[in-house]
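Survey of secondary and tertiary structure
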Amino acid sequence: MPRKRSIRLRCPICKKTVKSSDPEFPFCSERCRVIDLGKWASGAYVISSPLRDTSDTDGEGGSGKPSEDE
Ligand SMILES: [Zn+2]
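Residues numbered from 1 in each chain as written. Predicted model: local features only at pLDDT ≥ 70, side-chain atom pairs only at ≥ 80, totals over all residues.

Per the secondary structure count, the protein chain includes one helix and two strands. Ordered by position from N to C terminus, the α and β elements of the protein chain give β-β-α. Counting only residues that meet the buried cut, the protein chain has 6% of its 70 residues in that class. Taking contacts inside the protein chain between residues at least 6 apart in sequence as the whole, the part at least 24 apart equals 3%. (Helix = DSSP H or I, 4+ residues; strand = E, 2+ residues; numbered from the N terminus. Buried ≥ 20, exposed ≤ 12 C-beta atoms within 10 Å, placed from the backbone. Contact = placed C-beta atoms within 7 Å.)

This part is about unusual backbone geometry. For the bond running from Phe 25 to Pro 26, omega is 5°, close enough to zero to count as cis. Looking at the secondary structure, you find Pro 26 in the loop between strand S2 (17-19) and helix H1 (30-42).

Under the C-beta neighbour-count criterion, Pro 26 is labelled partly exposed, with 16 such atoms within 10 Å. Spatially, the C-alpha atoms of Pro 26 and Arg 10 are 7.3 Å apart, while their sequence positions differ by 16 residues. The contact partners of Pro 26, leaving out residues within four places of it in the chain, are Leu 9, Cys 11, Pro 12 and Val 18.

In an α-helix there are 3.6 residues to a turn, and that puts residues three or four apart on one side. For H1, spanning 13 residues, the distance from its first C-alpha to its last is 18 Å, which sits close to the expected 18 Å at 1.5 Å a residue. One or two steps after H1, the chain reaches Gly 43, where phi turns positive at roughly 85°. (Expected span 1.5 Å × (residues − 1).)

On to the confidence of the model for the protein chain. With 57% of its residues at a pLDDT of 70 or more, the protein chain shows a mean pLDDT of 77. When pLDDT is averaged over each helix and strand of the protein chain, the minimum, 87, is found for H1 and the maximum, 93, for S2. (pLDDT = per-residue confidence, 0-100.)

On the secondary structure map, Lys 15 appears in the loop between strand S1 (8-10) and S2. Residue Lys 15 is classed as exposed on the basis of its 10 C-beta neighbours within 10 Å. With 13 residues separating them in the primary sequence, Lys 15 and Cys 28 have C-alpha atoms 8.6 Å apart.

What follows is the structure, encoded as structure tokens:
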């Protein structure tokens, strides 16, 4: 079975095919990389120590917080 030399993955953000030689690998572009970083920063992923900004991020009550995934 012929195998391609270049490893390709999909960008976790936009699912576009990314070559391992891409400078922004595993993201297709800097934009997607920044988006992924933004996810971490905004707490889309579980972080052990919650980041507390001045006032915008107290999601304890759950009221008035826009839910993104339902
Ligand atoms: Zn992408």
